Amino acid sequence: MRCSRAILPFLFLLAGGCADPSDGVLQGYTEGEYLRVASPLAGQLARLLATRGANVKRGDPLFALEQDNEAAGLRQAEEQLRQAEAQYRNLLTGKRPEEIDAVRAQLAQAEASLRLSQSNLERQEELVRARFVSKEAAETARSARDRDHARVGELNAQLAAANLSARPDEIKAARAASAAAREALAQAEWRLEQKSVRSPQDAQVADTLYVQGEWVPAGSPVIVLLPATNIKVRFFVSERILGSVKIGQKISVRCDGCGDPISAPIAYIAQQAEYTPPVIYSRENRAKLVFLVEARPAPTEAVRLHPGQPVEVRLQ
């Protein structure tokens, strides 16, 4: 089949290269631009959901590769994102209420100790003035009072800090870690999605290249699609009528078993002849020059054509 299709254009070229048909009919054939669908990831073919010759719609599932590893990677990325976001939220808040209550209790004890040491200091100073105790006893009481006063200041600072969030640099680092975890989750989701491939557009399944259970390398096509928009008619015109052929010009296409003629606009005209004649053109060899012309039928009409099918073309 491939060999006959490869030879077919040259047969038409030979048939149309000598002279223009007297009845205005040009020989041509249809050709398809195939869409090879693959996954960017490797894996074992777990499910083949489209069969050769079937028509599929845009978004229909075509095939799926095994995805255990990608599913596990997605779960890991989700957990890492939850961890990063929890750490970020924790840094934005102060200590827990229970921890703050514990600091308040310690502060109350320190304040009570300060009051006691202050009272003891005043009593010792009166005793020193009355010369009942030495000055060293008052100094000892003053040191105890200063110690308790410092402890109260320390706990007041701890209580104020307990209601504050973390330092700006710590919050910035946690925010960056959360954003990185979110991007890692997006990558994991993308990898999992690539293991289940859907049809990019409406098309006919021209061929399937693997069977279920086979190992598919990364980027290797699994299914070959032929969208109706990718079917075109190719024919050849001689140098004598090339000047009358224009882009957008309508042609009428007939084929065996196609029914009514198919109208299609010309989409491409080759810039060079199919055969390379001598450098100096004579009228004899100019008559042998033929140029490739392509026309694309509307998708609703293109479904009546098949790649490799001979057709007859008339210029409108």
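Since the model is a prediction, treat every value here as computed from it, not as a measurement. Along each chain, residue indices are assigned from 1 in the same order as the chain's sequence is written. Since the coordinates come from a predicted model, pLDDT governs what is reported: local features require at least 70, and pairs of side-chain atoms require 80 or more to be given and counted, while whole-chain, interface and lining totals use all residues. Only heavy atoms go into the side-chain values, all of them from the structure, while hydrogens and water stay out.

**Q** With reference to specific residues and values, describe the overall build of the protein chain.
**A** Each helix is a run of H or I in the DSSP string that is no shorter than four residues. Each strand is a run of E no shorter than two, and both are numbered from the N terminus. Helix and strand counts for the protein chain come out as 7 helices and 14 strands. When accessible area is computed with a 1.4 Å probe and restricted to protein chains, residues below 20% of their type maximum are described as buried, those above 50% as exposed, and intermediate ones as partly exposed. Within the protein chain, buried positions represent 33% of all 316 residues. Here, two residues are considered to be in contact whenever any of their heavy atoms come within 4.5 Å of each other. Look at the contacts in the protein chain between residues 6 or more apart in sequence, and 77% of them connect residues 24 or more apart. Here the open area of atoms and residues is found with the Shrake-Rupley method and a 1.4 Å probe, where only the protein chains shown may cover a residue. Carbon and sulfur atoms make up 53% of the accessible area of the protein chain, which amounts to about 19,400 Å² in all.

**Q** Just give me the short version of the confidence of the model for the protein chain, but keep the residues and values in it.
**A** As a per-residue measure, pLDDT tells how confident the predictor is, with possible values from 0 to 100. In the predicted model, the protein chain carries a mean pLDDT of 84, and 85% of its residues have values of at least 70. Counted against residues more than four places away or in other chains, residues 1-20, with its pLDDT under 50, gives 26 contacts. Across residues 276-283 the pLDDT falls below 50, and counting only partners more than four positions away or on other chains, this stretch makes 5 contacts in the model.

**Q** Any details on the packing of helix α2 (residues 68-92) against helix α5 (residues 168-194)? Residues and values, ideally.
**A** With their axes 8 Å apart at the nearest point, α2 and α5 run at an angle of 160 degrees to one another. Compared by their axis directions, α2 and α5 come out roughly antiparallel. For the pair α2 and α5, the sense of crossing is left-handed. Gly is placed with the polar residues, together with every amino acid not listed as nonpolar (Ala, Val, Leu, Ile, Met, Phe, Trp, Tyr, Cys and Pro) or charged (Asp, Glu, Lys and Arg). Here the contact of α2 with α5 is built from residues that sort into 16 nonpolar, 3 polar and 8 charged. Axis definition: a line fit to C-alpha positions, over the contact stretch in the case of helices; interaxial angles, taken between N-to-C directions, run 0 to 180 degrees. Orientation is classified from the angle alone, with under 35 degrees giving roughly parallel, over 145 giving roughly antiparallel, 65 to 115 giving roughly perpendicular, and any other angle giving oblique. Two helices cross in a left-handed way if the nearer one is turned anticlockwise from the farther one by less than a right angle. They cross in a right-handed way if the turn is clockwise.

**Q** Quick rundown of the environment of aspartate 146? Include the residues and the values.
**A** When you line up the elements, aspartate 146 lands in helix α4 (residues 135-162). Among the residues examined, aspartate 146 registers a relative accessible area of 39% and is labelled partly exposed. As a C-alpha pair, aspartate 146 and serine 117 span 29 residues in sequence and 8.5 Å in three-dimensional space.

**Q** So what's going on with the environment of leucine 48? Which residues, and what values?
**A** Tracing the backbone shows leucine 48 in strand β3 (residues 43-48). Filtering out sequence-adjacent residues up to four positions away, leucine 48 remains in contact with Leu62, Phe63, Thr208, Tyr210, Gln212, Val222 and Ile223.

**Q** Which residues make up the sheet that holds strand β2 (residues 35-38), and what are the values?
**A** On the basis of which strands lie adjacent, the open sheet formed by 4 strands has the order β2-β9-β7-β4 and antiparallel pairing. Each edge of the sheet is formed by a strand with only one pairing partner; in this case those strands are β2 and β4 (55-56). Should DSSP find at least two bridges between two strands, the strands are taken to pair. Sheet topology places β4 next to strand β7 (residues 203-208); 2 bridges connect them, and they run antiparallel. Within β7, the position partnered with asparagine 55 by the bridge is glutamine 204.

**Q** Summarise the pattern of salt bridges; cite the residues concerned and give the values.
**A** We count a salt bridge whenever a side-chain nitrogen from Lys or Arg sits within 4 Å of a carboxyl oxygen from Asp or Glu. Using the criterion set out here, one finds 17 salt bridges in the structure. The salt bridge partner of lysine 232 is glutamate 31, with a shortest N-O separation of 3.6 Å. Pair noted here: lysine 232 is in strand β10 (residues 231-238) and glutamate 31 is in strand β1 (residues 25-32), with a separation of 201 residues, a long-range link. Judged by its relative accessible area of 25%, glutamate 31 falls in the partly exposed class. Residue arginine 52 is joined to aspartate 207 by a salt bridge in which the shortest nitrogen-to-oxygen separation is 3.0 Å. One end of the pair, arginine 52, is in the loop between β3 and β4; the other, aspartate 207, is in strand β7, and 155 residues separate them in sequence.

**Q** Just give me the short version of the side chain of asparagine 230, but keep the residues and values in it.
**A** Within the fold, asparagine 230 resides in the loop between β9 (221-226) and β10. Excluding anything up to four places from it in sequence, asparagine 230 contacts Glu31, Gly32, Glu33 and Arg296.

**Q** Please give an account of the nonpolar core that cites residues and values.
**A** Residues enter a nonpolar core if they are buried and are Ala, Val, Leu, Ile, Met, Phe, Trp, Tyr or Cys, with the set joined through side-chain atoms within 4.5 Å. By size, the foremost hydrophobic cluster in this structure holds 24 residues, and its most contacted members are Val233, Phe235, Ile251 and Leu305. Only β10, β11 (250-254), β12 (262-273), β13 (290-295) and β14 (310-315) provide two or more residues apiece to this core. The next biggest cluster of nonpolar side chains, apart from the first, holds 15 residues, and it includes Val37, Leu62, Val197 and Ile223.

**Q** Tell me about the sheet that holds β3, and please be specific about residues and values.
**A** Taken together, 4 strands build an open sheet; the order of strands is β6-β5-β3-β8 and the sheet is antiparallel. The open sheet has two edge strands with one neighbour each: β6 (196-198) and β8 (215-216). The pairing of strand β5 (residues 61-65) with β6 spans 3 bridges and is antiparallel. Looking across to β6, one finds that phenylalanine 63 is bridged to valine 197.

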